[in-house]
Every structure is written in C-alpha cells, then in structure tokens.
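Summary of structural features
Residue strings, one per chain:
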Amino acid sequence: MIFGLPFDIIEMRVIIMAKTKTKKKSKLRFLWLILPAAVIGFIIYAFSVNSAYTGDDYGKSNMLDPGQKGVLVLNYNGADGMPESEETEFTAYEEIELPEVTKNGYDFVGWYCSGGFCGTKLTLNSREPVNAYAQFEKDRGSITEPAALYTGELEYREFSEGDYPSINIEAADVFVDSGFKLIIYPEENFNGEAKTVAYKGSFKETVGSMKVERIETTGIETGALTDGKKAELLKTFAPRIWWAKGEEYFASTVENAAENMERVLTDRGYTYRIAQLDGPDYKCDYLYGSADNCKAYSFAVEKEEKYLDLSYYVFTPYNKSKVVFGMEFGNHIGDWEHITVRLMKYEEKGKAYCRPIIVEFSAHSFRNFYPWTDVSVVDGTHPEVYTALGSHGMWKDGGSHVYADAKIAKLTDECSRGTEWDLWKNDSLETYSYDPFTLTGKGIGNSVWNSCFDTDYYNENSNSVTNWGNRGWYPPVMLYPKLQGGPRGPQSQPVLYNPYLLNE
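Residues numbered from 1 in each chain as written. Predicted model: local features only at pLDDT ≥ 70, side-chain atom pairs only at ≥ 80, totals over all residues. Heavy atoms only, no water.

1. What about the sheet that holds strand E15 (residues 209-214)?
Pairing between the strands of a sheet comes from backbone hydrogen bonds, and it takes one of two forms, parallel or antiparallel. The strand order E10-E15-E12-E13 describes an open sheet built from four strands, whose pairing is antiparallel. The two strands at the open ends of the sheet, each matched to only one other strand, are strand E10 (162-164) and strand E13 (195-197). Taken over all neighbouring pairs, the strand axes of this sheet differ in orientation by 15 degrees on average, direction set aside. (Pairing = 2+ DSSP bridges. Helix = DSSP H or I, 4+ residues; strand = E, 2+ residues; numbered from the N terminus. Axes fitted to C-alpha atoms, helices over the stretch in contact; angles between N-to-C directions.)

Spelled out as structure tokens, the structure:
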C-alpha cells in the first residue's frame with residue numbers, strides 16, 4: 001500500500017501512461033519513489049525548522065547594540081497639520097518624545113507601536129523599522145446627550161433618555177455615556193432580537209429602534225478616595241470566580257512564575273520563558289497552577305475625574321485552547337484574563353459616593369460589557385465570573401459561548417460551576433493603585449507593589465516583564481499543535497494605561 005492505494009493500481013497507471021508517452025517512461029517509473037521521499041524530506045525539514053526556531057537567540061538577531069541607530073516610521077493617519085507619515089532616527093534604548101497630534105473630530109489618546117501601547121514616549125531597540133500609529137478617540141466634547149449614533153466619520157445623531165420607535169440607521173458606531181445603556185432593536189417599534197449596549201460598540205446591522213435607559217444602582221458612601229478607601233473598594237467589589245468542572249490548569253502567582261521561568265532580553269524587552277521548552281506539548285508541574293495557592297491582582301484606576309475602574313487580573317501558567325479536526329490550536333505558556341467593575345463617582349447632600357454601573361469581562365482578544373444590573377452578584381457587591389475550561393476566558397454566565405465562527409469550525413468556551421474562588425477571602429487578592437498618566441503603580445492596603453508590572457522593559461536591573469511566556473511555535477505544516485506566543489501583562493491593557501477609556 002502507498003498513500004492508501006494498492007501497489008498494483010499504481011503500477012497499472014504507470015503502464016498505461018507509458019504506452020501513451022514513452023519518452024517519460026523512465027521518469028514515471030520512479031515517481032512512486034520520488035513523491036514519498038519528498039514528503040518525508042518535508043516532514044524532516046518542518047521539524048528541523050521548529051527545533052531551530054525554539055532554540056534561537058529569542059529575537060536577539062533583530063536587536064541593536066547600545067549606541068547603534070534604528071528607524072521609526074510614524075504614521076499620522078490624517079492628523080491635523082501632519083504629513084501622512086515620516087521617518088525618525090533613534091538610538092537603541094532611547095526614549096523618544098512623540099508629537100501630540102489632533103485630527104478633526106478626534107481627540108489624541110496616545111501611540112500604538114509594535115503591538116504595545118507607547119504613550120508619549122517609546123524605548124526602542126529593534127534593527128527592523130518599527131511602525132507607530134497615532135491612536136485617536138472620537139471627540140465627545142460637543143455631545144450633550146447620553147447617547148449618539150455615528151452614521152459617518154463626523155456625522156452623528158444624539159439621543160436623550162427615552163424611547164425611539166423609528167430610527168433606521170445602518171452600520172452605526174455607537175457611543176453611550178457610562179451610567180446609561182442602550183437597548184437596540186433591528187426593526188422599528190422595538191421588534192426583533194434586542195441587544196444591550198452598556199459601554200460603546202460597533203454594529204453592522206440596522207438599528208431600527210432604540211431605548212436609552214439610565215442604569216439604576218445603589219451607591220456606597222466613600223468620602224475621599226484615599227489609598228485605604230481604594231483598597232477597601234477593591235475588596236468590596238472583588239468577584240467570585242468559578243473554575244469550570246474538569247479544569248486542570250489553575251491560577252498561580254507572579255512570584256511562582258519568576259521562580260519557574262527565566263527573564264530574557266528580547267526585541268520586545270525582557271520577557272519570561274521556560275528555558276527547557278523543546279516542543280509545543282511540553283508540560284511540567286508549574287504549568288498546572290493551584291486552586292488553593294494562587295493570587296489575583298487588582299488595580300484601582302481613576303478616570304476622567306468621574307469614574308473609578310476596579311480591574312481584577314488572574315494569571316494562569318498555561319492556556320489550553322481548542323481542538324479543531326482532532327488538532328489543538330491556540331495553546332500558550334502564560335495566560336492573563338481580567339474583569340473590571342466601573343464605579344461612577346458622585347456627590348449627594350455634600351457627601352461623596354460611588355456606584356457600580358458597568359462590568360467588563362475579558363475573553364481572549366475581545367471584551368464584553370454589561371450593565372451592573374444584568375450581572376449576577378454575591379452579597380450585593382461581588383460579581384460572579386465563569387472561566388472557560390482550559391482557556392480561562394471570562395464570562396458572566398455558565399454554559400457554552402461561541403467566540404469565533406471560522407465557518408468550518410466554531411471556537412467555543414465551556415463554562416460551569418466547578419471550583420469556587422472568592423477573591424476577597426483568604427488573602428487571595430493583591431491591591432494596587434495605578435496612575436495612567438505616569439504609567440506607575442503602588443501597593444495599597446496590605447499589599448506591596450510588585451515591580452514586575454513596571455514598564456521599563458529594557459532595564460537589566462528591573463523586574464518588569466513585557467510578555468509572560470515563550471514565543472510562538474508555528475510549524476510550516478499542521479503536523480502537531482502549534483504554540484502561540486505568551487501574553488502581555490496587565491500594564492499593557494487600556495484599562496490601566498488609558499486615562500479616559502474603560503477598554504478598547
């Protein structure tokens with residue numbers, strides 16, 4: 001048998017072809033030997049390529065030595081008074097002041113560079129030209145109502161609180177002020193399947209009708225938001241996390257990660273990796289974490305003088321992804337997922353209060369936003385969170401959640417009530433305050449700031465880490481599961497670094 005075909009059938013095909021084209025007889029006679037040899041050779045090549053890739057200098061070939069020059073390409077995306085793009089030369093590890101640019105109808109937010117947010121400064125060291133893109137937020141200064149639907153780049157309609165039975169806008173970008181929610185229907189007169197928007201969104205379908213409603217919640221008197229009060233609020237709104245039934249890969253601590261991985265310099269800064277990793281199927285005890293000996297890391301971030309975002313991050317040493325046609329895709333060393341509770345600050349009769357209005361759940365590369373009133377809570381203040389089996393995406397409900405439809409296969413997170421973890425109990429929670437304007441944090445309550453969350457990624461004497469896991473393992477053919485690259489840490493997420501937005 002060769003490739004599932006009997007040998008005599010292959011011989012018969014060769015004989016027939018030989019009768020019609022005798023000049024190729026000698027070549028075709030050995031065809032059945034050449035093709036298998038080529039396939040075997042390609043397999044050997046595939047494995048050798050991957051062996052060399054995981055054993056290389058981890059990107060150092062693309063790094064500049066101190067004092068060498070590199071090039072940064074700035075793309076201004078139509079910013080006012082700026083060219084389409086320009087190049088600037090930098091010295092390795094140099095901090096570059098970027099211009100504060102504006103675009104008609106947009107407010108400048110910051111810079112996006114090489115997969116990470118750069119703020120108004122970058123520290124660069126790549127040999128290759130690096131692209132940086134201006135990041136803009138639509139100008140909300142002229143919007144006086146709690147909601148707006150954008151029908152074009154600068155064209156929008158505003159809506160006050162109330163019901164709107166006939167709108168009919170296609171492919172609308174949605175803005176809704178925190179503290180309000182939109183209930184959107186695809187047809188007029190509130191017909192069709194409703195969709196609730198609690199933060200902002202982009203919709204491809206027609207908005208036939210809509211309701212703008214206030215999110216009514218009960219506030220907590222806070223007084224001045226001192227460090228002690230922020231730590232208290234982080235405990236008050238800390239979530240209950242449900243690990244799925246059958247979960248094998250639990251959370252760990254950043255200290256445990258430092259003990260089991262090495263901090264190595266890469267073209268993206270210092271990164272954690274497992275040194276002895278020699279294949280995508282590598283496993284060790286560290287990767288399984290612990291349901292009993294783990295921590296969550298919470299950050300209190302004040303935004304726009306109006307909001308206080310309480311963000312809770314969980315680190316798991318391993319992400320086990322999905323099986324497609326019998327093969328696993330999307331496994332990676334290291335996994336960060338989070339949930340954020342947005343509080344609105346307000347005053348009443350001369351006293352300061354905060355009330356919960358939005359809960360954001362992270363799942364892989366996207367976010368889901370819900371009004372506080374749509375989320376199940378424990379004891380009035382602790383939202384319930386369901387983590388997906390193996391991949392740890394966070395959802396507000398149990399059951400199956402399809403998060404990607406690739407036509408030939410659907411990627412689904414399975415959530416259930418397995419092991420319960422209350423973050424406000426048993427010293428499970430580290431509490432920090434974070435300043436998005438200076439990109440610095442500090443420990444509050446009984447916690448001490450962990451410098452692994454600093455942003456000086458190229459500092460040899462720092463503990464900061466840009467990525468939490470080995471780089472990706474991408475075979476040229478699908479012979480075995482591929483390993484994706486390790487994720488970036490909490491400090492690279494907009495919920496921490498962006499002084500305006502909850503998240504993107």
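2. As for the layout of surface pockets
The method is simple in principle: a probe with the dimensions of a water molecule rolls over the atoms, and the space it marks as empty is what remains. By volume, the second largest pocket amounts to about 580 Å³. Lining the second largest pocket are 22 residues; nearest its centre among them are His332, Asp335, Glu337, His364 and Ser365. Mapped by element, the contributors of at least two residues to the lining of the second largest pocket are strand E21 (307-319), strand E23 (327-348) and strand E34 (482-484). Residue composition of the lining of the second largest pocket, grouped by class: six nonpolar, eleven polar and five charged. (1 Å grid on protein atoms, 1.4 Å probe; cavity = no way out; pocket = protein on both sides within 12 Å on 5 of 7 lines; lining within 4 Å. Points joined across faces, edges and corners; volume = space filled by probe spheres on them. Nonpolar A, V, L, I, M, F, W, Y, C, P; charged D, E, K, R; others polar.)

3. With respect to the side chain of Glu360
Relative to the elements of secondary structure, Glu360 occurs in strand E24 (residues 351-363). Separated by 3.3 Å, the side chains of Glu360 and His338 make a polar contact. Excluding residues that lie within four positions of it along the chain, Glu360 makes contacts with His338, Ile339, Thr340, Arg367, Asn368, Phe369, Val495, Leu502 and Asn503. (Polar contact = N/O pair within 3.5 Å; in protein donor to acceptor, adjacent residues only side chain to side chain. Contact = heavy atoms within 4.5 Å.)

4. Let's talk about the sheet that holds strand E8 (residues 147-150)
Ordered by their spatial adjacency, four strands build an open sheet running E9-E8-E11-E14, and the pairing between neighbours is antiparallel. Edge positions in the sheet fall to strand E9 (156-159) and strand E14 (200-202), since each of these pairs with one other strand and no more. Averaged over all pairs of adjacent strands, the angle between their axes in this sheet comes to 15 degrees, without regard to strand direction. As paired strands, strand E11 (residues 173-176) and E14 are joined by three bridges and run antiparallel to one another.

5. Remarks on unusual backbone geometry
Unusually for a residue other than glycine, Phe190 sits at a positive phi of about 60 degrees. Take Phe190: it is sitting in the loop between strand E12 (180-185) and E13. Exposure remark for Phe190: the relative accessible area of 25% places this residue in the partly exposed category. Not every positive phi belongs to a glycine, and Asp427 is a case in point at roughly 55 degrees. (Buried < 20%, exposed > 50% of the residue type's maximum accessible area, 1.4 Å probe, protein only.)

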